[in-house]
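Residue-level structural notes
Spelled out, the chains give:
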Amino acid sequence: MEHRPKTLAIPLSLLLGLLLPQLALADASRLGPEGAATLARGQALQQQAAELRQQADRILAEEEQACASRLLVNDCRNQAKARHLEQVQEARRLDAEGRELEYQARVEERDLKQQQRDADAASQAEELARRQKLRDAEQQEREALRQRRLAEKEAKAAEGERKAAERRARQEKKQADHARRVAEKEARGPRSSKTPAPAAPGADAPPLPADPRQP
């Protein structure tokens, strides 16, 4: 009677059900939904392969021990080794498939990280450009204010000069008018306010000599 190995391998669906929630939480921040699912399936396949390999080794040991009591010991052991080899090969296939899926997920993770770095760099460059534009606008505003104040100061100084020039012109005109009036007065000469009365007849005649006959 042929000895059949016991099938103790954990179904892949069960492994995925156990691993996917934890892996999804761990890798959601790094991978998209599809990448997280791919990674979970790949790691579940690798775990299933490891458990299948351990199970195959355990069954082989049990069967070789059981074959020792059989009549055809070598034939029994050869059959057990053949079944063990089939299970090992299946475990290798599952492990290779799981590694390939995990590799794909890691490549996607790498690409997503690069995309995030590129997006961050673009965002940083945009922010730097925005800040530079703001600084330039502030600088232009300060320069415009400085120019406006300078223009107001120059206009105020010009107005002061204009008013000072007007005052000097009025003062000079006043002095010129005064000098003109003084010159005209001097040109006319001094005049008495009253005309002297004419002298009485004989007032200026010399006195007559005295009569010697008078005592």
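Our subject is the structure that appears above.
Residues numbered from 1 in each chain as written. Predicted model: local features only at pLDDT ≥ 70, side-chain atom pairs only at ≥ 80, totals over all residues. Heavy atoms only, no water.

Regarding the nonpolar core
General note: in soluble globular proteins, nonpolar side chains tend to be found buried as a group. Going by this rule: In plain words, nonpolar cores are sets of buried Ala, Val, Leu, Ile, Met, Phe, Trp, Tyr and Cys residues tied together by side-chain atoms within 4.5 Å. Burial here depends on accessible area, computed with a 1.4 Å probe over protein chains only, as a share of the maximum for the residue type. Under 20% is buried, over 50% is exposed, and the range in between is partly exposed. The helix count covers DSSP runs of H or I at least four residues long, the strand count covers runs of E at least two residues long, and both are numbered beginning at the N terminus.
Within the largest apolar cluster, 6 residues are counted, these being Leu45, Ala49, Leu52, Ala91, Leu94 and Leu101. At the level of elements, helix H2 (33-67) and helix H3 (73-188) are the ones that each hand at least two residues to this core.

Comments concerning the state of the cysteines
Condition: A pair of sulfur atoms, both from cysteines and within 2.5 Å, is called a disulfide here.
Under the definition given, this model contains 1 disulfide. Linked covalently through their sulfurs, Cys67 and Cys76 form a disulfide whose S-S length is 1.7 Å. Every disulfide takes its handedness from the sign of the S-S torsion; for Cys67 and Cys76 that torsion is -60°, giving left-handed. On the basis of relative accessible area, Cys67 is assigned to the buried category, the value being 1%. Judged by relative accessible area, which is 10%, Cys76 ranks as buried.

A short note on the pattern of salt bridges
Selection criterion: Any carboxyl oxygen of Asp or Glu that lies within 4 Å of a side-chain nitrogen of Lys or Arg is treated as forming a salt bridge with it.
Counted under the stated rule, the structure contains 19 salt bridges. Among the salt bridges present, the one from Arg106 reaches Glu102, with a minimum N-O distance of 3.7 Å. Linking Arg106 with Glu102, this pair stays in helix H3, spanning 4 residues, or about one helical turn. Notably, a salt bridge pairs Glu166 with Arg162, separated by 2.4 Å at the nearest N-O pair. On the criterion of helical spacing, the pair formed by Glu166 and Arg162 is a turn pair, its members being 4 residues apart in helix H3. For Arg162, a relative accessible area of 38% corresponds to the partly exposed category. Three or more residues joined by partner-sharing salt bridges are found here, namely Arg41, Glu90, Arg93 and Glu97.

Considerations on the packing of H2 against H3
Here is the rule: Only C-alpha atoms enter the line fits that serve as axes; for helices the fit covers just the stretch in contact. Angles between N-to-C directions range over 0 to 180 degrees. The scheme is simple: roughly parallel for angles under 35 degrees, roughly antiparallel for over 145, roughly perpendicular for 65 to 115, oblique for anything else. The crossing is said to be left-handed when, going from far helix to near helix, the turn is anticlockwise and less than a right angle, and right-handed when the turn is clockwise. By the convention adopted, Pro, Cys, Tyr, Trp, Phe, Met, Ile, Leu, Val and Ala count as nonpolar, Lys, Arg, Asp and Glu as charged, and the other residues, Gly among them, as polar.
With their axes 7 Å apart at the nearest point, H2 and H3 run at an angle of 165° to one another. Between H2 and H3, the interaxial angle falls into the category roughly antiparallel. Between H2 and H3 lies a crossing of left-handed hand. A class-by-class count of the residues in the contact of H2 with H3 yields 16 nonpolar, 11 polar and 17 charged.

Some words on the environment of Glu100
Following the sequence through the fold, Glu100 ends up in helix H3. Classification of Glu100 by relative accessible area gives partly exposed; the value is 40%.

Observations regarding H3
Basically, it comes down to this: Helix span, expected: 1.5 Å multiplied by one less than the number of residues in the helix.
Between its first and last C-alpha atoms H3 spans 169 Å; for 116 residues at 1.5 Å apiece the expected length is 172 Å, and the two agree. Gly189 sits one or two positions beyond H3 and adopts a positive phi of about 80°.

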